[in-house]
Amino acid sequence: MDTLELEAPLRTGLFIGGEWTTSAGGTAPAIDPSTGRELASIAQATVSDVAAGVAAAREAFESGPWATQPPVERGRVLLRIANLIRQRAESLARLESLDTGKTLRQARADVQVAARYFEFYGGVADKIMGETIPLGMNMTDFTLREPIGVSAQIIPWNYPLQIGSRGIAPALAAGCTVVVKPASEAPLGVLQVAEIAREAGLPPGVLNITPGRGSVVGDALVASRGVNQVTFTGSVQTAIDVERRVAENLIPTVVEAGGKSPNLVFADAEIDAAVRGVLNSIIQNAGQTCSAGSRLLVQDEVHDEVVGRLVEQFSALRLGPGIEDLDVGPIISHVQLTRIAEHVDRARDAGAQILVGGARSDAPELWGGFFYQPTVVDGVDRSSAIVQEEVFGPVLSVLRFRDVDEALSLANDSEFGLIAGVWTRNIDTVMRLSRRLAVGQVYVNTYGAGGGVELPFGGYKRSGFGREKGLEALRSYTIVKNVCVLHT
Ligand code: NAP
């Protein structure tokens, strides 16, 4: 990897019990989606490596000191991880950009958010408190919030550093130990975080990383009897498969399975801001974001103005390798590129108007990579596949509405319910929609909050369940014990 200078050796192995090891499972290439070329060779864990990772995590959980020491000590280790991530921010960002194809500025933002997760939960580690419950003078009742145990975490390829850190940091803060399976398409960022954690003084076995295919490594990990909790981010179908496996062990899960999130633009909105917000929400990470604003719902009176401006701005977007930091990077893989093209082709065949884009990039210099043109699709039916299904690419579908009731009905007409953006100056519209939108987060006159580390995040409906981020995430990694004492 000649474009990269790292402060530490590039880690591509398995991380088990505090040691970097190879595997009998061989290696698989990490591909740069901007060029299609191999970036690095990643060790592939076997089922017995997964068992070793879980055993190391169990041993570290049960024999301490991670779960038993004063929590402030855990917090200090997390803060050291945050500092080391920040010290290595530029090289981590370049690595993440090469591994995922995302623009360098997005990768830089992701690194800062990753550091922020360790900082936020580092500060929280010694503030995880129980309650006392009044029962009268001769009975004292209190609750303890204990770490749940070994957390298994399955990470997707779209924001590996961010999503990896958003699960690892609260689990560690609570006193849990962790086994992570990174995504096959983009494992490098999470592996470097493990090295940083080791350097920051995280005890052996507290964090373990077993890269490899989901169908082998992921499946063995979530099915393991040594695991007490699973955090999964990815597609709905894999989430269902994971839930079936986990049901055998009767353990809790947090599931984040994507969305089809709407931006509702009203005629009284500040149109410049709304257009900017809608554009960013679908173009960020080439639309490969679980909370992408992939549906634009726009009021009749401003439809032509808003859509016209979006088409103009979509046409001006520059595509290029993530590391060159233009406007839009590649899609993660040829498989995903083909899925996106099929979605748009089906919509076109069903009579949709493709106002801009609608095909793979035809620039010869980009043919080695997996680039899809930013696309706006109008004239579609609310029940059509392009409106209902997650495309996971830079593809915006447009629907029009007359009034608040119709906007709400369209917004909630989805099997997903992750987030929604509302663009209006009318406080009654804001409050009415905030209460009635069936989504986990509502943003008003903005979309997202710079990573939103502090804000509870998770889905309604098939977007998933459980909450990550903020203080809410700690509920997933703790279990409440009630102690009742009868005394004189
Ligand atoms: P996916 O297949 O659900 O992969 C997500 C993670 O689950 C990966 O680490 C994957 O490993 C792992 N996995 C696969 N099969 C597994 C199994 N049987 N047991 C345990 N883990 C397993 O998603 P994808 O193929 O990367 O993307 C497909 C679709 O998922 C996208 O089009 C998009 O709609 C959605 N997606 C959503 C998000 C999100 O943030 N919500 C993120 C990514 C993708 P491998 O990498 O080895 O396959």
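Refer to the preceding data block for the structure.
The structure presented is a predicted model; accordingly, all values stated were derived computationally and were not measured.

Draft legend 1. Seen up close, the nonpolar core. Of all hydrophobic cores here, the largest spans 66 residues; its most connected members are Val-265, Leu-296, Val-306, Leu-310 and Phe-314. Take this core: its biggest share by element is 8 residues, from helix H9 (residues 271–283). With residues near it in sequence (within four places) discarded, Val-265 still touches Ile-271, Ala-274, Val-278, Leu-296, Leu-297, Val-298, Gln-299, Val-302, Val-306, Phe-401 and Trp-423. If you look at the next biggest cluster of nonpolar residues, it comprises 61 residues, including Phe-15, Ala-30, Ile-168 and Leu-474.

Draft legend 2. Region of the structure containing the sheet that holds strand E15 (residues 375–378). The mixed open sheet is built from 7 strands, whose spatial order is E14-E15-E16-E13-E12-E18-E19. Only two strands of the sheet have a single neighbouring strand rather than two, namely strand E14 (353–356) and strand E19 (441–444). Taking each pair of neighbouring strands and ignoring which way they run, the sheet shows an average axis angle of 25°. Strand direction decides the pairing type here: E14 and E15, joined by 3 bridges, are antiparallel. From the neighbouring strand, Val-356 faces E15, where its bridge partner is Val-376. Its contacts with the sheet put H9 on strand E12 (262–265), strand E13 (295–299), strand E16 (395–401) and strand E18 (419–423), and the angle it makes with E12 is roughly 170°.

Draft legend 3. Structural detail: unusual backbone geometry. Residue Pro-65 is reached from Gly-64 by a cis peptide bond, and omega for that bond is 10°. You can see Pro-65 is positioned in the loop between helix H1 (47–63) and helix H2 (71–87).

Draft legend 4. Representation of the site of the ligand in the model. Close to the ligand lie 27 residues, the nearest being Trp-157, Ser-184, Gly-214, Ser-235 and Glu-390. Here Ile-155 contributes a backbone N or O atom positioned 2.8 Å from an oxygen atom of the ligand. At 3.3 Å from an oxygen atom of the ligand is found a side-chain nitrogen or oxygen belonging to Asn-158. Within the complex, the protein chains bury 87% of what would otherwise be the 850 Å² of accessible surface of the ligand.

Draft legend 5. Inspection of the packing of helix H3 (residues 89–100) against helix H4 (residues 104–124) at higher detail. Orientation of H3 relative to H4, taken along the N-to-C sense of each, is 125°, at an axis distance of 8 Å. One finds that H3 runs oblique with respect to H4. Note on packing geometry: the crossing formed by H3 with H4 is right-handed. Here H3 contributes Ala-89, Glu-90, Leu-92, Ala-93, Arg-94, Glu-96 and Ser-97 to the contact with H4, which in turn contributes Leu-104, Ala-107, Arg-108, Val-111 and Gln-112. Looking at the contact of H3 with H4 residue by residue, the class counts come to 6 nonpolar, 2 polar and 4 charged.

Draft legend 6. Just the sheet that holds strand E5 (residues 132–134), in detail. Taken together, the 3 strands give an open sheet; going across it, the order is E5-E6-E22, and neighbouring strands pair in antiparallel fashion. What marks the edges here is a single partner per strand, and that holds for E5 and strand E22 (478–486). Going across the sheet, the axis of each strand differs from the next one's by a mean of 25°, ignoring polarity. Taken together, the 9 bridges between strand E6 (residues 139–147) and E22 define a ladder with antiparallel strand orientation. Counted as the bridge partner of Asp-141 is Cys-484 from E22.

So, how was this worked out
Residue positions are given per chain, counted from 1 along the sequence in the order it is written. Owing to the predicted nature of the model, reporting of local features is limited to residues with pLDDT of at least 70; listing and counting of side-chain atom pairs is limited to 80 or more, with chain, interface and lining totals taken over all residues. With hydrogens and water excluded, all non-hydrogen atoms of the structure serve as input to the side-chain values. In plain words, nonpolar cores are sets of buried Ala, Val, Leu, Ile, Met, Phe, Trp, Tyr and Cys residues tied together by side-chain atoms within 4.5 Å. Note on exposure labels: buried denotes an accessible area under 20% of the residue type's maximum, exposed denotes more than 50%, and partly exposed covers the range between, all computed with a 1.4 Å probe on protein chains only. By the criteria applied, helices consist of DSSP H or I runs no shorter than four residues and strands consist of E runs no shorter than two, each listed in order from the N terminus. The contact criterion used is simple: two residues touch if any of their non-hydrogen atoms lie within 4.5 Å. Note on pairing: two strands pair once DSSP finds at least 2 bridges between them. To obtain an axis, a line is fitted to C-alpha atoms, over the contacting stretch when the element is a helix, and the angle between two such axes runs from 0 to 180 degrees between their N-to-C directions. Residues are labelled near a given molecule or strand when at least one of their non-hydrogen atoms is within 4 Å of it. As used in this structure description, the phrase polar contact means that two N or O atoms lie within 3.5 Å; if the pair is within protein, one of them must be able to donate a hydrogen and the other to accept it, and residues adjacent in sequence are counted only when both atoms belong to side chains. The method behind every accessible area is Shrake-Rupley, applied with a 1.4 Å probe, and residues are considered shielded solely by the protein chains displayed. Here the angle decides the label: under 35 degrees means roughly parallel, over 145 means roughly antiparallel, 65 to 115 means roughly perpendicular, and every other value means oblique. Whether a crossing is left-handed or right-handed is set by the direction in which the near helix is turned from the far one by less than a right angle, anticlockwise for left-handed and clockwise for right-handed. Gly counts as polar in this scheme, as do all residues outside two lists: the nonpolar Ala, Val, Leu, Ile, Met, Phe, Trp, Tyr, Cys and Pro, and the charged Asp, Glu, Lys and Arg.

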